[in-house]
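# Tertiary structure, described
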Amino acid sequence: MSTHGENYLTAERGWRSWITTRDHKRIGVMYLTVILISVLLGGLFALAVRLHLWNPDGLLVSNDVYNRLFTLHGAVMIFLFIIPGIPAAFGNFVLPMMLGARDVAFPRLNLLSFYLYLAGTVFFLAVLVFGGIDTGWTLYPPYSFESGKGLALLLALLGVFIIGFSSILTGVNFIATMHNMRPKGMGFFDMPLFAWGLYATSIIQVIATPVLGITVALGFVEYLFHIGLFMPEYGGDPVLFQHFFWFYSHPAVYIMILPAMGVVSEVVSVFSRKPIFGYRFIAMSSIAIAIIGFLVWGHHMFVSGQSKWASVIFSVLTLLVAIPSAIKVFNWLATMYRGSIRLDTPMVYVLSFLLLFGVGGLTGLFLGSLSTDVPLHDTYFVVAHFHFVMVGSVLSAFMAALHYWWPKMTGRLYDERIGRWTAVMVLLGFLLTFVPQFIMGAEGAPRRYATYPYEWELLSRLSTVGAFVLGSGMFASLINLLQSLRRGGRRAPANPWGAATLEWFTTSPPDPHNFHGLPPLTGPYNFSVLQYIGGETGWVRRDGYNV
């Protein structure tokens, strides 16, 4: 039983209280810690790859080691960071508070989800001990399932399989929480848009992730027992694996981006001091993206030999995704129009998101269209497009969320000036890394090669310099946040940004039970109920509700 004045960080002490906790906030913090370590690991692999490509003939490692480096970079960043990053860390931390709830619907299941994610991460790290894998993160057969790949491949498959279960359980928990734990008076269209993003994501997690689990299990059986599913030499079909893989992995793109879009909706509104424009259109476009996302997997297989009519249909369906995506972007821009925009760190990251997602979305049109996809297939153009959408956009939103909710999570304020400059540094580093790769790809430079012709030396070196600028910006951001935790650091008020969603109407850090009494509901984007007091008080409600 907590006493008044305690928070979720201090109510219980000792490592046992953390590893056995059922508090969604502590579980969110534990997810965040593992995810940040994964980002660091995946980033180091990326820097090693870029450093090797400084010279056209390769600088650092053998071709075999290079293959292992880019495979582990892709697998770690996708399965350990981009997919779980925002929903597992920030979704766990803020969703129940956004709904005025005490916790998620199934707290024990939530802790189990975390330990499954942790176990999957350990298996991925064990891959390093057993020599790594060189198959690319897609694990395409027949190369990936050739005999002699060793224990590392089985560990990687097992890691993906276990993490998939974690993702499914988290999705079930979030759906049950939003259906059953909203307070009286809060309808679905009264929820914050971040919750809508999590809802659409959870639907995809629950429906699509089992397909990945089945595919991985079948791959496991194929590798060990040669039953003839995916390997031509045993009578199998490698294209079947591609169908299974992309039926999950393309919707997984939206598992990555929909929570990021939810973060953008929250930050844009708060830092423009305007209610979100087109709330229902943004909410329903999340559902539309989730539904259409199940119908477009075949656009990854235009050159796999599938029928031309199948390719035409998948191409048309792929271009349809642009409509709900554009609805979101136009509504965010309309929210900012004539708003009182404040360029604090979360907003700088969100502006980066809008730029990177815009470029990534527009270049995606070239890859969704049959006539231009075929010549660009497997070139650096695909690498740059993928990174603009999945890494640049999601990373920007992740950093926006980290800086937006950091005062709530820790009770401390970071240095805003350093936060803004490091956000700009991350953006410039990202652009310098991947814009040259667009040019190289348009000129036909193939991806995943350890060496390349001298004519692309300048562009490749610019890309390497950009990667180190990006990495330095990320490292400086993290140091700035950690510095805020030092003794004597500035304490955060309950509501430093002037946000109107419910998580800002409890203390920073929050009470172990989130609220002592549910705040009166006024709507997630109704800023008229707030007034700025300043100093250590921040923003308070005009109706006298006191945290």
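Only a predicted model underlies this, so the values are computations on that prediction, with no experimental measurement involved. (Residues numbered from 1 in each chain as written. Predicted model: local features only at pLDDT ≥ 70, side-chain atom pairs only at ≥ 80, totals over all residues. Heavy atoms only, no water.)

Further remarks concern unusual backbone geometry. Here the bond from Pro141 into Pro142 is cis, since omega is 10°, no more than 30 degrees from zero. Take Pro142: it is sitting in the loop between helix H5 (107-129) and helix H6 (151-180). In this chain, Ser508 is followed by Pro509 through a cis amide linkage whose omega measures -5°. Tracing the sequence through the fold places Pro509 in the loop between helix H16 (457-483) and strand S1 (530-534). With a phi angle near 60°, Asp378 is a residue other than glycine that sits in the positive phi range. For Asn514, which is not a glycine, the phi torsion comes out positive at approximately 75°. (Helix = DSSP H or I, 4+ residues; strand = E, 2+ residues; numbered from the N terminus.)

Across soluble globular proteins, you tend to see nonpolar side chains buried next to one another. Counting 164 residues, the largest nonpolar core has Phe90, Phe353 and Trp405 as the members making the most contacts within it. Take this core: its biggest share by element is 21 residues, from helix H14 (residues 380-410). Residues contacting Phe353, with those up to four places away along its chain left out, are Ile257, Ala260, Met261, Val264, Trp332, Gly358, Ser393, Ser396 and Ala397. (Core = buried A, V, L, I, M, F, W, Y, C linked by side-chain atoms within 4.5 Å. Buried < 20%, exposed > 50% of the residue type's maximum accessible area, 1.4 Å probe, protein only. Contact = heavy atoms within 4.5 Å.)

Structurally, Val211 is set in helix H7 (residues 193-225). Under the relative-accessibility criterion, Val211 is labelled buried at 18%. Separated by 33 residues in the primary sequence, Val211 and Phe244 have C-alpha atoms spaced 6.8 Å apart. Sequence-distant contacts of Val211, defined by excluding residues within four places in its chain, comprise Phe244 and Phe247.

Helix H11 (residues 322-336) packs onto helix H9 (residues 279-292) with a crossing angle of 155° between their chain directions and a minimal axis gap of 8 Å. In this view, H9 runs roughly antiparallel relative to H11, as classed from their interaxial angle. The element H9 and its partner H11 pack so that their crossing is left-handed. Residues Phe281, Ile282, Ser285, Ser286, Ala288, Ile289 and Ile292 of H9 form the contact with H11, whose own contacting residues are Pro324, Ser325, Ile327, Lys328, Asn331 and Trp332. The residue makeup of the contact of H9 with H11, split by class, is eight nonpolar, four polar and one charged. (Axes fitted to C-alpha atoms, helices over the stretch in contact; angles between N-to-C directions. Parallel < 35°, antiparallel > 145°, perpendicular 65-115°, else oblique. Left-handed = near helix turned anticlockwise from the far one by under 90°. Nonpolar A, V, L, I, M, F, W, Y, C, P; charged D, E, K, R; others polar.)

Inspection of the entire model under this criterion finds 43 aromatic pairs. Taking the centre distance of 5.5 Å and the plane angle of 45° together, the rings of Tyr31 and Tyr117 count as tilted. Taken together, the residues Tyr31 in helix H2 (residues 24-52) and Tyr117 in helix H5 connect sequence positions 86 residues apart. Ring pairing ties together the aromatic residues Phe79, Phe124, Trp137, Tyr140, Phe145, Phe230, Phe241, Phe244, Phe245, Trp246 and Phe386, which thus form one cluster. (Phe/Tyr/Trp six-rings, centres within 6.5 Å; stacked < 30°, edge-to-face > 60°.)

Right, let's talk about the pattern of salt bridges for a bit. What the rule picks out here adds up to eight salt bridges. Across the salt bridge formed by Arg102 and Asp103, the nearest N and O atoms sit 4.0 Å from each other. By relative accessible area, which is 7% here, Asp103 ends up buried. Note that Asp344 and Arg420 form a salt bridge whose closest N and O atoms lie 3.5 Å from each other. With a gap of 76 residues between them, Asp344 in the loop between H11 and helix H12 (345-368) and Arg420 in helix H15 (residues 416-442) connect regions that are remote in the sequence. In this structure, a network of salt bridges that share partners links the residues Arg342, Asp344, Glu416 and Arg420. (Salt bridge = Lys/Arg side-chain N within 4 Å of Asp/Glu carboxyl O.)

So, about H7. Since one α-helical turn is 3.6 residues long, residues separated by three or four positions face the same way. An ideal rise of 1.5 Å per residue puts 48 Å on 33 residues; H7 measures up with 47 Å between its terminal C-alpha atoms. Residue Ala208 marks the point of greatest curvature in H7, where the axis turns by about 35°; the proline Pro210 follows within four residues. One or two positions beyond H7, positive phi appears at His226, with a value near 55°. (Expected span 1.5 Å × (residues − 1). Bend = angle between axes of the 7 residues up to and from the residue.)

So, on to a nonpolar patch on the surface. Taken together, Leu125, Leu128, Val129, Phe130 and Leu151 make up a surface patch of nonpolar side chains, about 460 Å² in accessible area. The biggest single contributor to the nonpolar patch is H5, with three residues. Position of Val129 among the secondary structure elements: in helix H5. (Patch = residues over 30% accessible without salt bridge, like charges linked within 9 Å, V, L, I, M, F, W, Y side chains within 5 Å. Areas by Shrake-Rupley, 256 points an atom, 1.4 Å probe, with all protein chains shown as cover.)

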